[in-house]
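Each chain, letter by letter, is given below.
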Amino acid sequence: MIEIYKCRRLLWYDHVMFALVWHTIIDIFKNNGLIHAIFFFSILFYSISLHRHLFFYFYFSLFINLSTHTRLQFHISPNRSSSSSSSSLQMATLISDTAPWKDLKAHVGEIDKTHLRDLMADTDRCSSMMLEFDGILLDYSRQRATVDTLSKLKKLAEEARLKQKIDNMFNGEHINSTENRSVLHVALRASKNTTINSDGKNVVPDVWQVLDKIKEFSDKVRNGSWVGATGKALTNVIAIGIGGSFLGPLFVHTALQTDPEASKSAGGRQLRFLANVDPVDVARNISGLNPETTLVVVVSKTFTTAETMLNARTLREWISSALGPQAVSKHMVAVSTNLKLVEKFGIDPNNAFAFWDWVGGRYSVCSAVGVLPLSLQYGFSVVEKFLEGARSIDQHFHSAPFESNIPVLLGLLSVWNVSFLGYPARAILPYTQALEKLAPHIQQVSMESNGKGVSIDGVRLPFEAGEIDFGEPGTNGQHSFYQLIHQGRVIPCDFIGIVKSQQPVYLKDEVVNNHDELMSNFFAQPDALAYGKTPEQLQSENVASHLVPHKTFTGNRPSLSLLLPSLDAYRVGQLLAIYEHRIAVEGFIWGINSFDQWGVELGKSLASQVRKQLHASRKKGESVEGFNFSTTKLLTRYLEASADVPSEPTTLLPKI
Ligand SMILES: O=P(O)(O)OC[C@H]1O[C@H](O)[C@H](O)[C@@H](O)[C@@H]1O
C-alpha cells in the first residue's frame with residue numbers, strides 16, 4: 001500500500017479503487033460471491049489499463065489469502081450478513097483452536113484428580129456456586145468444577161465474544177445467517193413501550209397488535225359471544241401443529257393445568273393437541289368431542305408441513321361432514337407466518353393470527369403459536385403473566401454480568417460437561433408432574449438448535465456440539481432410568497424443584513405432607529450422585545463381600561439444582577426463557593448457528609418419494625421402483641399386506 005502511495009500522486013479514481021478494495025474485503029467476509037466477482041473484475045481491468053500493477057498485486061494476494069484459508073475464518077461479526085457491524089472487523093478461529101479452549105482441555109486433568117466429595121467439602125466454593133435471581137435459586141456446586149474452572153469458562157465466553165453475540169440477538173441482527181434472519185423471540189414478550197428493531201423496523205407494535213387481537217378473540221370465544229355454526233359455545237379446542245408448533249404450547253398447557261389460578265379460569269374448557277400424522281392421534285383427539293362445540297386452531301409457521309396440513313384437512317372434513325362446509329369459518333382459525341396459504345386453505349384471513357420469520361419454530365411458544373391456544377384455555381391475563389416471566393429472564397440474561405447470569409452460567413457449564421468432560425447427554429428432572437412436558441420441549445429446543453456438525457461459517461467442527469436431552473418428572477424417573485445414572489453412564493442432571501406445590505395434600509397420620517415426600521427425593525438424589533457410596537462404607541455396614549462391588553456407587557456424578565418458589569404462569573415463563581437462553585449460550589460458544597435446522601430436510605424429501613410410490617402402487621398397481629433392496633422389500637411387504645386399503649377416493653373418519 002505504502003509503495004503505491006510513493007509511486008505516484010493519487011488521483012480521484014485511486015481513492016475510489018481503495019474504497020472498492022475495502023468493500024471487496026468486507027464482501028469476502030460476507031461470502032457474497034456475485035458482488036465480489038464484479039469488484040474483482042473491475043479492479044483487474046483498472047490495474048491492467050492504468051498499470052497499477054502493485055495495486056493489483058496487493059489486491060490479488062489478499063484475495064488468495066482469504067479464500068484459501070479453510071479453517072481460519074474472517075468475519076465482521078458473529079452475524080456475517082449484518083451490515084451494521086462493519087466497525088468490529090475481527091479475525092476468528094474455531095473456538096477449539098483458541099487458547100482458552102486449550103486451557104480448559106488441560107484443566108480437565110486437574111479436575112480428574114478431585115472427587116465431588118472433596119469439592120463439596122469446601123464451603124466457600126459451594127457458597128460461591130449458589131445464585132439467586134427473582135426468587136429462583138440455582139445451586140451448581142455439584143458440578144465437577146472449581147472456582148478456577150468458572151474463571152476459565154468466563155475467558156472462553158470472552159473469546160467467543162458471547163456478550164456481543166447476545167447483544168446482536170437482542171439488536172435484531174441476522175444471526176441466523178443461513179436463513180438470513182433475525183432471532184427475536186425476546187420481542188414476543190417485550191413490554192409495549194420497548195423498541196426492538198428487525199431490519200430497521202420496531203417489531204414490538206406488531207407483536208402487541210397480534211396479542212391484542214388474540215385477547216379480543218379468546219375473550220369472545222370464552223364468554224360465548226363467538227359461537228359455532230349451530231349457535232353453541234365453543235368449549236373445546238384442538239390445536240393442530242407439530243414440532244415447535246406443538247411442543248412448547250403442550251409444555252405450558254401441561255404446566256398450567258393444575259395451577260389454581262389457571263385451572264379456575266379454564267373452568268371446564270378442554271385443550272387438546274393433534275401433532276402426529278398417525279390417524280390414531282386424530283382418533284384420540286376427536287374422541288368424545290362434538291364438532292358443534294369444538295374450535296380447531298391450525299398452527300404452522302410455514303403452513304406447508306405435511307403432517308399438520310393433512311391433519312388440518314382431516315379435521316376440516318370432520319367439521320364439514322357434520323355441520324356443512326360453511327361451518328369451517330366459525331370452527332377453524334389459524335396461526336402462521338404464511339397468511340396467503342391460510343386463506344388458500346379456506347380459513348378466513350380475519351381469523352388468522354400472524355407471526356414472523358424472525359421467530360424460530362422451536363422458539364415460538366410466546367407468539368400466537370402458544371398464546372392463542374393457551375388464551376382460549378386459560379384467558380389472556382394468565383398467559384400475559386407467562387410472558388412477563390419470560391421477559392424477566394430476558395432482561396436478566398441481557399444485563400446481568402456473566403458470573404451472576406443464570407442462563408450464561410448454565411450454558412457454560414453445559415459446554416464444560418459436553419466438550420471437556422465428555423458427557424454427551426443431559427437429564428432434565430423436574431420434581432413436579434406439572435413439568436412432565438418440559439423435557440420433550442427442551443429436547444427439541446436443544447437438539448434441533450445445537451445438533452450441528454459445522455460452524456456458523458460452514459467449517460466442519462473438530463469437536464461434538466449439542467447434547468442428548470431427555471427426562472421425566474421425579475420421582476417416576478427414579479423407578480426407571482436412574483439406575484444407569486447412578487451406576488452406569490455419567491449423565492449430568494438438572495434437578496428442578498418447586499417450594500410450594502400447585503396442589504398440596506396433607507394427611508394427618510403421615511410423617512410429612514405429600515409434597516415434602518416428593519421433595520425429599522429432590523434433595524437426596526443430587527447428593528447420592530455426587531458422593532456415591534464407597535466399598536469401605538459398605539464393609540462397615542457388614543454388606544456381604546460378594547455384593548460390595550454391586551452396591552458400590554462411584555459418585556462424582558455432576559448435577560445442578562434449580563429451586564423455584566412456585567409454579568404459576570410467571571414461573572413457567574421464567575423456566576422456559578432460562579432454557580432457551582442457556583441453549584443459545586451453548587451455541588454461541590460452540591460457534592454454530594443454533595437457529596437453523598437443515599438436518600430435518602433430507603428425511604422429508606425421501607418421504608415424499610415414498611408417498612409418490614405408495615400412490616402409484618395403490619392407484620395404478622405399479623411395482624416398487626427406485627429404492628434400494630431393503631426399502632423395496634419393506635415397501636412391497638407393506639403394500640401386499642395392506643391390499644385391502646380402498647384405492648378409489650373414499651372418506652372415512654375414525655369412529656371412537
Ligand atoms: O410450524 P411449521 O412450519 O409447521 O413447522 C413445524 C416444524 O417443522 C420442522 O420439523 C422443523 O424442524 C421444526 O422446527 C418446526 O417446528
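Residues numbered from 1 in each chain as written. Predicted model: local features only at pLDDT ≥ 70, side-chain atom pairs only at ≥ 80, totals over all residues. Heavy atoms only, no water.

Caption draft 1: Examining the overall build of the chain more closely. When you go through the chain residue by residue, the secondary structure sums to 27 helices and 15 strands. Looking at the 656 residues of the chain, the share that counts as buried comes to 52%. Of the roughly 29700 Å² of accessible surface on the chain, 56% is carried by carbon and sulfur atoms. (Helix = DSSP H or I, 4+ residues; strand = E, 2+ residues; numbered from the N terminus. Buried < 20%, exposed > 50% of the residue type's maximum accessible area, 1.4 Å probe, protein only. Areas by Shrake-Rupley, 256 points an atom, 1.4 Å probe, with all protein chains shown as cover.)

Caption draft 2: Spotlight on helix α19 (residues 406-420). With 15 residues, α19 should cover 21 Å at 1.5 Å per step; its first-to-last C-alpha distance of 20 Å lies within 8% of that length. A large share of α19 lies buried, amounting to 15 of its 15 residues. Gly422 sits one or two positions beyond α19 and adopts a positive phi of about 80°. (Expected span 1.5 Å × (residues − 1).)

Caption draft 3: Structural detail: helix α9 (residues 162-170). Taken residue by residue, α9 has Leu162, Lys165, Ile166, Asn168, Met169 and Phe170 as its buried positions. Lining the buried residues of α9 we find α8 (147-159), α18 (380-399), α19 and α25 (569-590). (Contact = heavy atoms within 4.5 Å.)

Caption draft 4: Region of the structure containing the pairing of strand β8 (residues 270-274). For β8, the buried fraction is high: 4 of the 5 residues fall into the buried class. Bridge count for strand β7 (residues 236-240) against β8 is 5 bridges, and the pairing is parallel. Residue pairing across strands places Ile240 opposite Leu274, the latter belonging to β8. (Pairing = 2+ DSSP bridges.)

Caption draft 5: Broad picture of the environment of Leu409. Its location among the elements puts Leu409 in helix α19. Classification of Leu409 as buried rests on a relative accessible area of 3%. For the pair Leu409 and Arg582, spaced 173 residues apart in sequence, the C-alpha to C-alpha distance is 7.9 Å. The contact partners of Leu409, leaving out residues within four places of it in the chain, are Leu131, Tyr140, Leu150, Phe402 and Glu403.

Caption draft 6: View of the site of the ligand. Taken together, Ile242, Gly243, Gly244, Ser245, Ser300, Lys301, Thr302, Thr305, Gln444, Glu448, Gln597 and Val600 make up all the residues around the ligand. Between the ligand and Lys301 there is a distance of 2.7 Å, counted from an oxygen atom to a backbone nitrogen or oxygen. Between an oxygen atom of the ligand and a side-chain N or O atom of Gln444, the distance comes to 3.5 Å. The residue inventory of the shell around the ligand, partitioned by class, reads 2 nonpolar, 8 polar and 2 charged. (Near = heavy atom within 4 Å. Polar contact = N/O pair within 3.5 Å; in protein donor to acceptor, adjacent residues only side chain to side chain. Nonpolar A, V, L, I, M, F, W, Y, C, P; charged D, E, K, R; others polar.)

Caption draft 7: Expanded view of the pattern of salt bridges. Tallying each qualifying case throughout the model produces 24 salt bridges. In this structure, Asp112 and Arg144 form a salt bridge, with 2.9 Å as the shortest nitrogen-oxygen distance. Highlighted residues: Asp112 in helix α5 (residues 99-112) and Arg144 in the loop between β4 (136-139) and α8, separated in sequence by 32 residues. One connected set of salt bridges, linked through shared partners, spans Arg426, Glu467, Asp469 and Glu586. (Salt bridge = Lys/Arg side-chain N within 4 Å of Asp/Glu carboxyl O.)

Caption draft 8: Region of interest: the side chain of Arg557. Within the secondary structure, Arg557 sits in the loop between α24 (548-551) and β15 (559-564). Buried and unpaired, Arg557 has Asp112 as its nearest opposite-charge partner, separated by 13 Å. Only 3.2 Å separates the side chain of Arg557 from the side chain of Thr554, close enough to count as a polar contact. Dropping the residues within four chain positions of it, Arg557 is found in contact with Leu116, Arg142, Leu484, Ile485, His486, Gln487, Gly488, Arg489, Val490, Leu529 and Ala530. (Lys, Arg positive; Asp, Glu negative; His and termini not counted.)

Caption draft 9: Focus on the sheet that holds strand β13 (residues 468-470). One open sheet accounts for 6 strands, arranged β3-β4-β15-β14-β12-β13; its pairing is mixed. Looking along the sheet, the strands with just one partner apiece sit at the ends: β3 (130-133) and β13. The mean angle between the axes of side-by-side strands here comes to 15°, regardless of whether they run parallel or antiparallel. Summarising the sheet, strand β12 (residues 425-430) and strand β14 (residues 493-498) pair through 4 bridges and their orientation is parallel. Bridge pairing in β14 links Ile428 to Asp494. Running at roughly 165° to β13, helix α20 (residues 438-450) makes contact with β12, β13 and β14 of the sheet. The strands touched by helix α22 (residues 514-531) are β14 and β15; relative to β14, the strand with the most contacts, the crossing angle is about 155°. (Axes fitted to C-alpha atoms, helices over the stretch in contact; angles between N-to-C directions.)

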